[in-house]
Amino acid sequence: MAKMEVKTSLLDNMIGVGDMVLLEPLNEETFINNLKKRFDHSEIYTYIGSVVISVNPYRSLPIYSPEKVEDYRNRNFYELSPHIFALSDEAYRSLRDQDKDQCILITGESGAGKTEASKLVMSYVAAVCGKGAEVNQVKEQLLQSNPVLEAFGNAKTVRNDNSSRFGKYMDIEFDFKGDPLGGVISNYLLEKSRVVKQPRGERNFHVFYQLLSGASEELLNKLKLERDFSRYNYLSLDSAKVNGVDDAANFRTVRNAMQIVGFMDHEAESVLEVVAAVLKLGNIEFKPESRVNGLDESKIKDKNELKEICELTGIDQSVLERAFSFRTVEAKQEKVSTTLNVAQAYYARDALAKNLYSRLFSWLVNRINESIKAQTKVRKKVMGVLDIYGFEIFEDNSFEQFIINYCNEKLQQIFIELTLKEEQEEYIREDIEWTHIDYFNNAIICDLIENNTNGILAMLDEECLRPGTVTDETFLEKLNQVCATHQHFESRMSKCSRFLNDTSLPHSCFRIQHYAGKVLYQVEGFVDKNNDLLYRDLSQAMWKASHALIKSLFPEGNPAKINLKRPPTAGSQFKASVATLMKNLQTKNPNYIRCIKPNDKKAAHIFNEALVCHQIRYLGLLENVRVRRAGYAFRQAYEPCLERYKMLCKQTWPHWKGPARSGVEVLFNKLEIPVEEYSFGRSKIFIRNPRTLFKLEDLRKQRLEDLATLIQKIYRGWKCRTHFLLMKKSQVVIAAWYRRYAQQKRYQQIKSSALVIQSYIRGWKARKILQELKHQKRCQEAVTTIAAYWHGTQVRREYRKFFRANAGKKIYEFTLQRIVQKYLLEMKNKMPSLSPIDKNWPSRPYLFLDSTHKELKRIFHLWRCKKYRDQFTDQRKLIYEEKLEASELFKDKKALYPSSVGQPFQGAYLEINKNPKYKKLKDAIEEKIIIAEVVNKINRANGKSTSRIFLLTNNNLLLADQKSGQIKSEVPLVDVTKVSMSSQNDGFFAVHLKEGSEAASKGDFLFSSDHLIEMATKLYRTTLSQTKQKLNIEISDEFLVQFRQDKVCVKFIQGNQKNGSVPTCKRKNNRLLEVAVP
Ligand SMILES: Nc1ncnc2c1ncn2[C@@H]1O[C@H](COP(=O)(O)OP(=O)(O)O)[C@@H](O)[C@H]1O
Ligand SMILES: [Mg+2]
């Protein structure tokens, strides 16, 4: 959507009046009230025609945003509410489009907002002028020059925390397209006395505090500085910290700005070294020393500081020390050296510090200029911005205030000249008759100061150059003589007796009635400051410095270039530069910003009427309005005027065809505005009285309301009509669509019904045919079925008789089979363990299974015995055979038997093979040994027993001595006839031998052994296998034994407990051997 152009005017939504010219009635009170009303509504800007009055708000207002810049861009001056941007825009466009060099003159008291205003103008111009990398760099450099200059040239004063202590005029240069090319800065009279001394509550220049707060430790060390402010005599301490000011952060900003502006690192460093040197100079102190010839002399108290300064600046210490103690005056090839007393030494020190600093400042300005100067030689358009110190009235006003106020007088002068001239020129341009108005012209004050023959500055110079003793007092006397009659000069001692009794006027002072008020000047210091003397010894010492920057600051110290002519005085220098400035300004189109300070407290929202009133008076603002209104209060080009008021008359509304001027004529005639109230210029209409304008505005407002109603009416009618037509059209469309839809739906319904009916009929027909066919098929199938059934019945009837005959037997067999099956399956699950001695066997379920059950038990037992036997090895089998044999022989016959069942039959109890004792014995026997055991052989004679080794081999029975292993007797088995033993629990047994055999010569053997059963069994078995004869084993409690020739009866008696549990044997007589068994 294209942006709609809305024509607005300064007159819209005005608070008070935006332009003082429209003030009605016009007097001081209404003027101030209007300012106050606007100030209270945050409207800090007000016009007087094209002049902008700016009231310092002392708070940041949201009216400088980029959006605001866009608002004011390319708008007519009176189109929007008053703003500094409107003035900047007007100036910039006039420069760009009409090729007119511009200057923006910003005036006002210290702290009224001049510097801020100049920055706003610059930033506005920077925002609206050309774009591009190169242009942006130029802009950036121009803008960044501000922080650098402010750090070195601004200080906190009682009036302003950031007061400019120098005058600044900056020309911004543009090419024909309006793109910035560069700039030139001029500076005016830095207030250098501040370097060495500051009034109460004020500070030295910002840079000192910034350096000490913001520099790194490393940098401070390098500069031989300490962070503590109190270390430096030149820094006032009572206001070292300023509220809301971060010196350290500002230091970084300044360093950064220096870089952007184009300072090399070493340059920036040199600058800081000079600053450090100045600070340290203040710490040099002197003490008096009297010399013999009565001359006063001074001496440096502590040379440490001096030494450090010399190291910092590369000056020979002795040179500087000498420069502080001597002064050389050269006149016509003559050199006279005088010593300096303490006061003079201090004076020299301070003069050096001041000069060093102010020269550094000028060097900075030049250096910045070098960076920002335009690089091309094409013709440039120039916009100058003047931000000069405002009018100053302090308690103690000195030479500086005098100079500053003189400068302000000159500016006021040029303001008056230019505004009046401009007004006059406009009237001439517009062909309007000029009427004279009265206003105060301050030319007379300027004359008092600058007149070449008897002006104050001329007098001062004269005094300074005059031979003989010159003091401030002689200067005052001179003034008293020369200026006494001047209306604006007041002095107690003047020839004019008016002030003789004026006690407010001390003797050492003179007073000037400036356009802005009376100012009392202390005459003390005027001569010195005007002379601005730096002893040549000092400048020469400085020139000798190896520090390049310092050296360059003191070119006059070069002995090769000694110039004996006095340098121009400060006053005359300033006068000349002001004159150049004025000339420069006069060639340009002026734009004024008049800054007003609303209160002395630097506080927001406070509007001190008395203070403002004073400023309005001395700024001559009321006169300004009057001059502006002298002829006509309001003027406006015909086109915007017609555009604004054309609705007030039928002929011009809504469009006027023809020149705008005749349109305005018709309009004014029609409105019956009295002819003396306005005049027609060439391009503008001039309205004499604001009342007329307000009447026009009222009418316009009324008419606008009517027009608004009319527009509303027409619009509403149009809206309803179009709405109705739209509804009507829509209705037709909807009806058509609906009908079509309904018709379609009905058709669909009929169609689908027809289809349903059709399908029903077809279905019915098909079903009928199908039924017919099914019936036929069923009939055919029925015949077959009936036949099958009939056959079935026939066959069943035939065979029924065969079924019944075997049924009982079959059922019985089946049942039996089932029972047996069940029994066997159950048995399988109830089987007892595989141990042959397990007696368990499940109970029998049916009687008829009794024999089977027993047979099964038997078979199972046999089977598990076999299983058990199968585990045996041959050896074990042998053992069991022997055990079986033993059981057959002794079971139930001998009481000893049961205890032998558990004993395994080992046979070779004595291990003859292994025992070396029986080696011989072993070697003697070649056969296999079946038994080797120690037995007791019962002595036949007494029944006592001896141990013998009993050996049984396959064929023989051997007895051997137990100790020697020597064979005692050997009996072949064939000679053994019988073995006898008792039935009791004893181990006695007798071996009977065949009568007549060789072995039997000594008789039968009677033994006792623990293994009787085993021995008897083995003997029996061996004899059987060797001789195929059964050995006779007699078990009886009384048997006969053949001892040599005698037969002795061995008798076993039971129950004799006399000999303990061991059976004992005893020979009773030669026929009886008694064995007692326990
Ligand atoms: N337009 C403004 N908006 C906000 N504050 C302002 C404005 N103009 C001035 N000030 C405040 O007033 C102080 C003094 O302004 P400055 O321009 O330094 O005064 P001058 O240069 O006239 O001595 C500034 O530091 C700032 O705080
Ligand atoms: Mg300032």
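Refer to the structure presented above.
Keep in mind the model is a prediction, meaning the values are calculated, not measured. (Residues numbered from 1 in each chain as written. Chains lettered and ligands numbered in written order. Predicted model: local features only at pLDDT ≥ 70, side-chain atom pairs only at ≥ 80, totals over all residues. Heavy atoms only, no water.)

1. Concerning the overall build of the protein
Alright, step 1. Counting its regular elements, the protein contains 32 helices and 31 strands.
Alright, step 2. For 1078 residues, the compact-globule estimate of 2.2 N^0.38 gives 31 Å, and the C-alpha radius of gyration of the protein, at 75 Å, exceeds that figure by more than 25%.
Alright, step 3. For the protein, the C-alpha atoms occupy an extent of roughly 205 × 140 × 55 Å along the three principal directions.
Alright, step 4. A buried classification covers 47% of the 1078 residues belonging to the protein.
Alright, step 5. Contacts in the protein between residues far apart in sequence, at least 24 positions, make up 63% of those at least 6 positions apart.
Alright, step 6. Surface accessibility of the protein: about 58100 Å² in total, with carbon and sulfur atoms responsible for 53%.
Alright, step 7. Distance between charge centroids for the protein: 17 Å, based on 167 positive and 131 negative side chains. (Helix = DSSP H or I, 4+ residues; strand = E, 2+ residues; numbered from the N terminus. Rg over C-alpha atoms; globule rule 2.2 N^0.38 Å. Buried < 20%, exposed > 50% of the residue type's maximum accessible area, 1.4 Å probe, protein only. Contact = heavy atoms within 4.5 Å. Areas by Shrake-Rupley, 256 points an atom, 1.4 Å probe, with all protein chains shown as cover. Lys, Arg positive; Asp, Glu negative; His and termini not counted. Charge placed at Lys NZ, Arg CZ, Asp CG, Glu CD.)

2. So, the coordination of the magnesium ion (ligand 2)
Alright, step 1. All of the protein donors around the magnesium ion (ligand 2) are T115 (OG1) and S164 (OG); their distances to the metal are 2.0 to 2.2 Å. A residue pair is termed long-range when its members are at least 10 positions apart, and T115 in helix α4 (residues 114-128) and S164 in strand β5 (residues 163-164) qualify at 49 residues. Assigned by exposure class, T115 and S164 land together as buried. (Donors = N, O, S within 2.8 Å, 3.2 Å for Na, K, Ca; no water.)

3. Describing the pattern of salt bridges
Pairing between side chains of opposite charge can happen when the charged atoms of each approach one another.
Alright, step 1. Scanning the entire structure with this criterion turns up 61 salt bridges.
Alright, step 2. The salt bridge partner of K894 is D986, with a shortest N-O separation of 3.1 Å. Note that K894 is positioned in the loop between α29 (874-890) and α30 (897-901) and D986 in the loop between β24 (976-981) and β25 (988-993), a separation of 92 residues in sequence.
Alright, step 3. For K978, the salt bridge is made with E1034, and the minimal N-O distance between the two is 2.3 Å. (Salt bridge = Lys/Arg side-chain N within 4 Å of Asp/Glu carboxyl O.)

4. Describing the nonpolar core
Alright, step 1. F31, F152 and F510 are the most contacted members of the largest nonpolar core, which has 209 residues in total.
Alright, step 2. Per element, the largest residue contribution to this core is 15 residues, and it comes from helix α13 (residues 342-372).
Alright, step 3. If we skip the residues at most four places from it in the chain, F31 touches M20, L23, L26, I48, I53, I616, L621, L622 and V625. (Core = buried A, V, L, I, M, F, W, Y, C linked by side-chain atoms within 4.5 Å.)

5. Some points on the environment of R291
Alright, step 1. Inspection of the secondary structure puts R291 in the loop between β8 (286-290) and β9 (296-300).
Alright, step 2. With residues near it in sequence (within four places) discarded, R291 still touches E297 and T339.

6. Examining the pairing of strand β31 (residues 1072-1077)
Alright, step 1. Burial analysis of β31 places 5 of its 6 residues in the buried class, the great majority of the element.
Alright, step 2. Taken together, the 6 bridges between strand β29 (residues 1046-1054) and β31 define a ladder with parallel strand orientation. The residue of β31 that forms the bridge with V1050 is L1073.
Alright, step 3. From the end of strand β30 (residues 1064-1069) to the start of β31, which pair antiparallel, there are 2 residues. (Pairing = 2+ DSSP bridges.)

These figures capture arrangement, not role.
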